[in-house]
Amino acid sequence: MPTVFESIKHTFMPAKITNLTELFVEQLQDLYSAETQLIDALPLMAKAAYAKPLKDGFKMHLAQTKEHAKRLERILKGLKAEVGGKTCRAMQGLIKEGNEMIGEDALPEVKDAGLIAAAQRVEHYEIAGYGTVKTFATLMGEREIAATLGKTLKEESDTDKKLTAAAKTLNIKALMPSKGDKAKK
Ligand SMILES: [Fe+2]
Ligand SMILES: [Fe+2]
């Protein structure tokens, strides 16, 4: 029978991570949490965007994000690991900042520049996460999993590049925004 301390420890402390495979699973669960949070957040970003290409870009990335979550689910199930059960705190924070931008009283062109700034932070976080798990998978000899994660990594990176391209035209508009109707969408 466990001592009182052992029971408390079991309840409040996560299990000890003893090897790279376990850390890999933990990292995948963290990314799964990040992706599922984004599935809820991206429609709000799309709704808040003023420029049509930006709006459409968010919508397109929402479809990709749903696929990213499915890929992680398949990988975790294949590893016989729990899919949920972890919360990505970093993504919670990034989304909170994105929501603050959505709620900002700003001219539409300026808000678009702010939405791009928030979205690129998200993409860079994902790029870091997927780069790590892809490397882990390669080290573990999991070639198929590494390829799947590499596919997602490429899509995150492409999204980041598209956001940079969008910023090039939209940030200029934010330099001299219209005094138009802020509610116009
Ligand atoms: Fe993603
Ligand atoms: Fe993404």
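Residues numbered from 1 in each chain as written. Chains lettered and ligands numbered in written order. Predicted model: local features only at pLDDT ≥ 70, side-chain atom pairs only at ≥ 80, totals over all residues. Heavy atoms only, no water.

The subject of this paragraph is helix H4 (residues 89-103). Taking 1.5 Å of rise per residue, 15 residues should cover 21 Å, and H4 covers 21 Å from first to last C-alpha, within 8% of that figure. Among the residues making up H4, those that are buried are Met91, Leu94, Ile95 and Gly98. Take H4 and look down its axis: the buried residues cluster within an arc of 95°, on one side only. Turned more than 90 degrees away from the buried face of H4 sit Arg89, Lys96 and Gly103, all of them exposed. Turning to H4, the residues buried within the fold contact helix H2 (20-48) and helix H5 (108-139). (Helix = DSSP H or I, 4+ residues; strand = E, 2+ residues; numbered from the N terminus. Expected span 1.5 Å × (residues − 1). Buried < 20%, exposed > 50% of the residue type's maximum accessible area, 1.4 Å probe, protein only. Arc of directions from axis to C-beta. Contact = heavy atoms within 4.5 Å.)

Coordination of the iron ion (ligand 1) by the protein involves Glu35 (OE), Glu35 (OE), His68 (ND1), Glu126 (OE) and Glu156 (OE), with metal-donor separations of 2.0 to 2.6 Å. The sequence pattern describing where the donors of the iron ion (ligand 1) fall on their chain is E-x32-H-x57-E-x29-E. In this structure, the iron ion (ligand 1) is positioned 3.5 Å from the iron ion (ligand 2), and both are ligated by Glu126. With Glu126 in helix H5 and Glu156 in helix H6 (residues 143-175), the pair connects residues that are 30 residues apart, well separated along the chain. Note on Glu126: relative accessible area 0%, which makes it buried. (Donors = N, O, S within 2.8 Å, 3.2 Å for Na, K, Ca; no water.)

The protein atoms donating to the iron ion (ligand 2) are His61 (NE2), Glu123 (OE), Glu123 (OE), Glu126 (OE) and Glu156 (OE), with metal-donor distances spanning 1.9 to 2.6 Å. When the donor residues of the iron ion (ligand 2) are listed from N- to C-terminus, their spacing reads H-x61-E-x2-E-x29-E. Among the residues examined, Glu123 registers a relative accessible area of 4% and is labelled buried.

Mean pLDDT over the chain: 91, with 89% of residues reaching 70 or higher. By mean pLDDT, helix H1 (residues 4-12) is the weakest element of the chain at 53, and H4 is the strongest at 98. (pLDDT = per-residue confidence, 0-100.)

Attention now goes to a nonpolar patch on the surface. Together, Ile172, Leu175 and Met176 give the surface a local cluster of nonpolar side chains, amounting to about 420 Å² of exposed area. Inspection of the secondary structure puts Ile172 in helix H6. (Patch = residues over 30% accessible without salt bridge, like charges linked within 9 Å, V, L, I, M, F, W, Y side chains within 5 Å. Areas by Shrake-Rupley, 256 points an atom, 1.4 Å probe, with all protein chains shown as cover. Salt bridge = Lys/Arg side-chain N within 4 Å of Asp/Glu carboxyl O.)

All right, on to the packing of helix H3 (residues 52-78) against H6 then. Two elements in contact, H3 and H6, have axes whose closest approach is 11 Å; the angle formed by their N-to-C orientations is 165°. Relative to H6, H3 is oriented roughly antiparallel. The handedness of the crossing between H3 and H6 is left-handed. Counted together, Leu54, Met60, His61, Gln64, His68, Arg71, Leu72 and Ile75 of H3 and Ile145, Thr148, Leu149, Lys151, Thr152, Glu155, Glu156, Thr159, Lys162, Leu163 and Leu170 of H6 form the full contact between these two elements. Partitioning the contact of H3 with H6 into residue classes produces 8 nonpolar, 6 polar and 5 charged. (Axes fitted to C-alpha atoms, helices over the stretch in contact; angles between N-to-C directions. Parallel < 35°, antiparallel > 145°, perpendicular 65-115°, else oblique. Left-handed = near helix turned anticlockwise from the far one by under 90°. Nonpolar A, V, L, I, M, F, W, Y, C, P; charged D, E, K, R; others polar.)

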